[in-house]
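# Per-entry structural report
The lines below spell out each chain.
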Amino acid sequence: MRYALRKLGLLVLTLWAAVTLNFVIPRLMPGSPADAAIAKLAQNGPVTPSVQAAIEAQLGVPGGSIWDQYVTYLNNVIHLDFGVSYTFFPQQVSELVAGALPWTLIMVGAVTVIAFVLGTLIGIGAAWKRGTWMDSLPTVAGSFLSAFPYFWTALLIVFFLGYVLGWFPTSGAYSATAVPNLSWEFLGDVLYHAALPAITILITSLGGWILGMRNTMINTLGDDYVTFAEANGLRGRTVAIRYAARNAILPNLTGFGMALGGVVGGSLLVEQVFAYPGVGYLLFNAVTNQDFPLMQALFLMITVSVLLANFLVEILYGVLDPRTRR
Amino acid sequence: MADTTADPTTTATPAIADPESARGAESVNGPRRPARTRLGRTGQVLGRAFATVWANPKARVGLVILGMFVLMAIFAPLLAPYSPHDDSFGRNEPGSAAHWLGTTGAGEDVLSQVIYGARVSLLVGFVAGGLSTVVAVVIGLSWGYLRGWGNDVVNFLVNLFLVMPGLPLMIIIAAYLQNGGLPMIILVVVITGWAWGARVLRSQTQSLRSRDFVTAAIFSGESSARVVFREILPNMTSMIAGSFFGAATSAVLAESGLSFLGLGDMATVSWGSMIFWAQNSMAILTGQWILLFAPGLCIALLATSMTLVNFGVDGLSNPRLREGTGR
């Protein structure tokens, strides 16, 4: 329990740091993003004082008191008030983010878990059959594939599976004719559209898990208790899974938290290629239109999601390994 | 940037912890056939290090590929048939004898652009990788050696930068500093990329701190800075080289990602910006997939080559990881 509380305290501190960083970045930049944003917004029509105040709180007013701005900003963040987007005027930034976040969270989350499980299993196999083709094939393929830029893998997959073979739709999250509802038909359509982005992320992130698991597993296999288990005449599979892999998986799980940031970053580029209506696609739109309020809010949401996922992994780690709880 | 590739070289157990490597470190300080000059000695050490890396088959492949890209970048004006900015050719031409890889939507020679693109990627990779390694060394070593309240603060900061998704942060900063060109990209990559190396180097410093030679140096009255940078640092050369190649790999990937999003300097020809323009001109629909394929393959090969070199660099300080016999 103390372990969980300590982690929770750390999470709150990290969240505060991320929120503050989000506050600091626009103020460190040359020029005045807030003025630029308000000028751009004015092209869409008159800027109401409340909108102006929200933008200034987020992006900085030249000459205003930093402390006052910070308090207003924190208050706005707590109420999820990020002002108005001018790419998608007059929609609230928070609405746009809320519409995009589920697509990314579900797709990237599901694929990451699948990649982790699959990669760990392959890694176990590779370490157990060390020195055979079952080891060298995944290791070499893994190191090569993980050097692929995410967006390039995405483009290749769009080209071959989408255009040349025509097996899967190449853009969007569901058919243009479909109406979002909770029927099986619609869910099937969503899965069908998620296939290509998901395959891309799976291919590029799998290698890291394979290599990580293989390396820790090889270290574990050298331990005395594994030799002892083997000398006792236990079945190979029992030794591999119940003895060695069980202990090797913990360090790999720590890597999970750190790799998550990279996977999320990569998936932003993947979404861009597939025009998948998630956070990455929205972020790309925001960047090309210099929509600073939307950009800042998206950055904050992505960071917060990653930090939360990390927190969950650490709690899980504590459950799995009693030693860390002390 | 903490990349997804859980680099096998960095997940390996701390190398110095075994007695074998202590002997390796010894031989660095006192070579068997001491060269007369300081320069000669450095040369000898470097030569031996290179031989160790070269002895690893994976690293050898990596060095060859990396060397080819370096040569390609240096001799680009001689190798490329045309100037990369020469847009006087037909548009969207397929491959031919005059243009091996065809021409772009703006009428430039694709092969020339691929060759010149190596310059940007290598420049960003080496400069940004080098700078983030310098930051990682300074922070990682002092953080691992010094004790005090500042430790917790640095620990917190490094962990924050480790878990924070690097690419979104890069995108945000790059969006504010639009048209900043290559220096901007390098700066962004360094800001987001130093934390991983700092953490690896810190744990290594911590394990070296309690060694006898460090205690001896402290007792002989050396200053902290000297102990850290003259006594401890030389023992971590291979780890530093490892984090350099790791950082350079993520720098290359980050540069291509930013350019692909149109956030780089779009006037310079880089592999990422080539893909950006190719996608803008719907190269897939016109069947010119080579426009996407060639630059992307170069990025992937360059990144792989540096990962492969790291397999050999690992063996520098940990003889157990060396492959083959006779050393």
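Residues numbered from 1 in each chain as written. Chains lettered and ligands numbered in written order. Predicted model: local features only at pLDDT ≥ 70, side-chain atom pairs only at ≥ 80, totals over all residues.

## Focus on the overall build of chain B
For the record, the criterion: Numbering of helices and strands starts at the N terminus; helices are DSSP runs of H or I of at least 4 residues and strands are runs of E of at least 2. In this scheme every C-beta is placed from the backbone, and a residue whose C-beta has 20 or more other C-beta atoms within 10 Å is buried, one with 12 or fewer is exposed, and one in between is partly exposed. Remark: residues whose backbone-derived C-beta atoms lie within 7 Å of one another are considered to be in contact.
Along its length, chain B carries 15 helices and 0 strands. Scored against the burial criterion, the 327 residues of chain B give a buried share of 47%. For chain B, the proportion of contacts with a sequence separation of at least 24, taken over those separated by at least 6, is 74%.

## Focus: the UniProt feature "transmembrane region" (unreviewed entry) in chain B
All names here are of chain B. Cut-off, in case you're wondering: UniProt positions are given in the numbering used here, feature names are shortened, and annotations may be inferred rather than shown by experiment.
Mapped onto this structure's residue numbering, the UniProt feature "transmembrane region" (unreviewed entry) falls at residues 61–80, 120–146, 153–176, 182–201, 232–254 and 290–313. End-to-end, the C-alpha atoms of residues 120–146 are 38 Å apart, and along that stretch the chain is 96% helix and 0% strand. Annotated as 92% helix and 0% strand, the span residues 153–176 places its first and last C-alpha atoms 28 Å apart.

## Describing the environment of Thr72 of chain A
With respect to the helices and strands, Thr72 of chain A occurs in helix α4 (residues 66–78). Along the sequence, Thr72 of chain A and Glu56 of chain A sit 16 residues apart, while their C-alpha atoms lie 9.5 Å from each other.

## Some remarks on the interface of chain A and chain B
Note: interface size is frequently given as the accessible area lost on complex formation between the parts. Threshold: Three classes are used, and their members are as follows: Ala, Val, Leu, Ile, Met, Phe, Trp, Tyr, Cys and Pro are nonpolar, Asp, Glu, Lys and Arg are charged, and the others, Gly among them, are polar.
Between chain A and chain B, the residue contacts involve 53 residues of the former and 40 residues of the latter. Counting residues per element, the ones that place at least two in the side of chain A that touches chain B are α1 (2–28), α6 (133–145), α7 (150–164), α8 (184–221), α10 (236–274), α11 (279–288) and α12 (292–320) of chain A. Counting residues per element, the side of chain A that touches chain B draws most heavily on α10 of chain A, which supplies 13 residues. Along the lines of polarity and charge, the residues of the side of chain A that touches chain B split into 32 nonpolar, 21 polar and no charged.

## Remarks on the packing of α1 of chain A against α12 of chain A
All names here are of chain A. For clarity, the cut-off: Inter-axis angles, ranging from 0 to 180 degrees, are taken between N-to-C directions of lines fitted to C-alpha atoms, where helices are fitted over the stretch in contact. Throughout, the term roughly parallel applies to angles under 35 degrees, roughly antiparallel to angles over 145, roughly perpendicular to angles from 65 to 115, and oblique to all others. By definition, any crossing whose near helix is turned counterclockwise from its far helix by less than a right angle is left-handed, and any crossing with a clockwise turn is right-handed.
Running from amino to carboxyl end, α1 crosses α12 at an angle of 165 degrees, the nearest separation of the two axes being 10 Å. By the criterion of interaxial angle, the relationship of α1 to α12 is roughly antiparallel. Crossing angle aside, the handedness with which α1 passes α12 is right-handed. Of the residues in α12, those touching α1 at Tyr3, Ala4, Lys7, Leu11, Thr14, Leu15, Ala18, Val19, Asn22 and Pro26 are Phe292, Gln296, Phe299, Leu300, Thr303, Val304, Leu307, Phe311, Glu314, Ile315 and Gly318. Broken down by class, the residue content of the contact of α1 with α12 amounts to 14 nonpolar, 5 polar and 2 charged.

## Here's the deal with the domain arrangement of chain A
Residue and element names in this part refer to chain A. Rule in force here: Boundary definitions for the domains trace back to an automatic or database domain assignment.
Split into domains, chain A comes out as domain 1 (2–78) and domain 2 (94–325). Look at where the C-alpha atoms of domain 1 and domain 2 centre, and you get two points 31 Å apart. Facing the 16 residues of domain 1 at the interface are 15 residues of domain 2. Those elements that provide at least two residues to the side of domain 1 that touches domain 2 are α1, α2 (33–42) and α3 (49–59). Residue contributions to the side of domain 1 that touches domain 2 peak at 10 residues, all from α1. Class assignment of the residues belonging to the side of domain 1 that touches domain 2 gives a composition of 11 nonpolar, 3 polar and 2 charged.

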